[in-house]
Amino acid sequence: MSDFDLPRRLAAEALGTALLVATVVGSGIMAETLTKDGALALLGNTLPTGAILVVLITILGPISGAHFNPAVSLVFAIRRELTPREALLYIAAQIAGGIAGTMLAHAMFALPLLDASLKMRTGGAQWLAEAVAAFGLVATILAGIRFNRAAVPWLVGLYITAAYWFTASTSFANPAVAIARSLTNTFSGIRPTDLPGFIAAETCGAIIALIFMGWLLCESDKARAVLKEAQP
């Protein structure tokens, strides 16, 4: 990221989140149009989402890190790989990009640009699912960076593809995407009133993953060893 200035990084985050949301919402609309089979519609929503993540992380990762997710940016801020100011600007860019992505998908299907969702997604099981989804996503990113950075786009794309099916919430795992999806009354929508529970669960899952993976990957031990070696 040091090769690119902050405005370019923010543009990459906004663009990536916009294209991600346009894919999620647009493929959901297409799937719902083509079939009344719920399982087939979910599959039609899942595959494009996993595929676009591989593309977006590959092409935009070298610019901004390809977070496209406030929970991920928070994790990297806690790791001190983003300053607090950078993290806040990343999050703002992601939310703005996500909303633009919903509007773009609606425009392509001749729908009102913004339409608050009526789809209920709430309750303890849904919140647990979102915490699990965010935990797994952050764990995948951190372990991928540690062991095989070049594979991270594929790891994230495959993880989200799987998590669409093994989580009760279909794995939003992303506060910016959740906000954007509250503005579409289509297959992928979520009621605006259900957002706080989802966002809180996603944030908690991401932080728990940061703590656990920090222990699992021995990063705290490594940091102590470096500090000890630096002492006179």
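Only a predicted model underlies this, so the values are computations on that prediction, with no experimental measurement involved.

Visitor: What am I meant to see in the overall build of the chain here?
Guide: Looking only at helices and strands, one finds 9 helices and 0 strands in the chain. Its helices and strands taken in sequence order, the chain reads α-α-α-α-α-α-α-α-α from the N to the C terminus. For 232 residues, the compact-globule estimate of 2.2 N^0.38 gives 17 Å, and the chain sits close to it at 18 Å. A principal-axis box enclosing the C-alpha atoms of the chain has dimensions of 70 × 35 × 30 Å. With 232 residues in all, the chain has 50% of them scored as buried. Here the analysis covers contacts within the chain between residues at least 6 apart in sequence; of these, 78% occur between residues at least 24 apart. Roughly 11,100 Å² of accessible area belongs to the chain as shown, and the carbon and sulfur atoms make up 71% of that amount. Each charge sign in the chain was given a centre, from 15 positive and 14 negative side chains, and these centres are 3 Å apart.

Visitor: I tried to follow the packing of aromatic side chains on my own but got confused; where do I start?
Guide: Any pair of aromatic rings gets described here by the distance separating the centres and the angle formed by the planes. The full count for this structure, using the stated rule, is 4 aromatic pairs. When the ring of phenylalanine 212 is compared with that of tryptophan 215, the centres are 5.7 Å apart and the planes differ by 45 degrees; the resulting orientation is tilted. Here phenylalanine 212 pairs with tryptophan 215, and both are found in helix 8 (residues 195-216), just 3 residues apart, close to one helical turn. The exposure class of phenylalanine 212 is partly exposed, given its relative accessible area of 36%. Taken together through their ring pairs, the aromatic side chains of Phe135, Phe212 and Trp215 make up a single cluster. In this arrangement the basic side chain of lysine 119 is found over the ring face of phenylalanine 187, its NZ or CZ atom lying 4.9 Å from the centre. The positively charged end of arginine 181 is found above the aromatic ring belonging to phenylalanine 172, 3.6 Å away from the centroid.

Visitor: Even after reading the chapter, I still don't get the pattern of salt bridges, so can you show me in this structure?
Guide: Where charged atoms from two side chains of opposite charge approach closely, those side chains can pair. Summed over all chains, the structure comprises 4 salt bridges. Residue arginine 9 pairs with glutamate 86 through a salt bridge whose shortest N-O separation is 3.2 Å. One end of the pair, arginine 9, is in helix 1 (residues 6-34); the other, glutamate 86, is in helix 4 (residues 84-108), and 77 residues separate them in sequence. Arginine 9 gets classed as buried once you look at its relative accessible area, which sits at 10%. A residue is classified by how much of its surface remains accessible, and glutamate 86, at 16% relative accessible area, is buried. With its nearest N and O atoms 2.9 Å apart, the salt bridge here joins arginine 191 to aspartate 194. Of the residues examined, aspartate 194 reaches a relative accessible area of 4% and is grouped as buried.

Visitor: What's the story with the environment of leucine 15 in this structure? I'm lost.
Guide: Examined against the element boundaries, leucine 15 turns out to sit in helix 1. Judged by its relative accessible area of 45%, leucine 15 falls in the partly exposed class. As a C-alpha pair, leucine 15 and phenylalanine 68 span 53 residues in sequence and 8.8 Å in three-dimensional space.

Visitor: Honestly, the side chain of serine 117 in this entry has me stumped. Any pointers?
Guide: Positionally, serine 117 belongs in the loop between helix 4 and helix 5 (124-147). Serine 117 sits in the buried class, given a relative accessible area of 3%. A polar atom in the side chain of serine 117 sits 3.0 Å from the backbone nitrogen of lysine 119. What serine 117 contacts, discounting residues up to four positions off in sequence, is Arg181, Ser182, Thr184, Asn185, Gly189, Ile190, Arg191 and Pro192.

Visitor: Can you help me understand the nonpolar core in this one?
Guide: Nonpolar side chains tend to gather and get buried jointly when the protein is soluble and globular. Within the largest apolar cluster, 50 residues are counted, with the highest numbers of intra-cluster contacts made by Leu20, Phe68, Leu137, Leu142, Val156 and Ile160. Listing elements by their share of this core, those giving two or more residues are helix 1, helix 2 (38-64), helix 3 (70-78), helix 4, helix 5, helix 6 (152-166), helix 7 (175-181) and helix 8. Among residues more than four places away in sequence, those in contact with isoleucine 160 are Thr49, Leu53, Leu137 and Ser171. Listed in part, the 5 residues of the second largest apolar core include Ala178, Ile190, Leu195 and Phe198.

The rules we used
Residues numbered from 1 in each chain as written. Predicted model: local features only at pLDDT ≥ 70, side-chain atom pairs only at ≥ 80, totals over all residues. Heavy atoms only, no water. Helix = DSSP H or I, 4+ residues; strand = E, 2+ residues; numbered from the N terminus. Rg over C-alpha atoms; globule rule 2.2 N^0.38 Å. Buried < 20%, exposed > 50% of the residue type's maximum accessible area, 1.4 Å probe, protein only. Contact = heavy atoms within 4.5 Å. Areas by Shrake-Rupley, 256 points an atom, 1.4 Å probe, with all protein chains shown as cover. Lys, Arg positive; Asp, Glu negative; His and termini not counted. Charge placed at Lys NZ, Arg CZ, Asp CG, Glu CD. Phe/Tyr/Trp six-rings, centres within 6.5 Å; stacked < 30°, edge-to-face > 60°. Lys NZ or Arg CZ within 6 Å of the ring centre and 35° of its normal. Salt bridge = Lys/Arg side-chain N within 4 Å of Asp/Glu carboxyl O. Polar contact = N/O pair within 3.5 Å; in protein donor to acceptor, adjacent residues only side chain to side chain. Core = buried A, V, L, I, M, F, W, Y, C linked by side-chain atoms within 4.5 Å.

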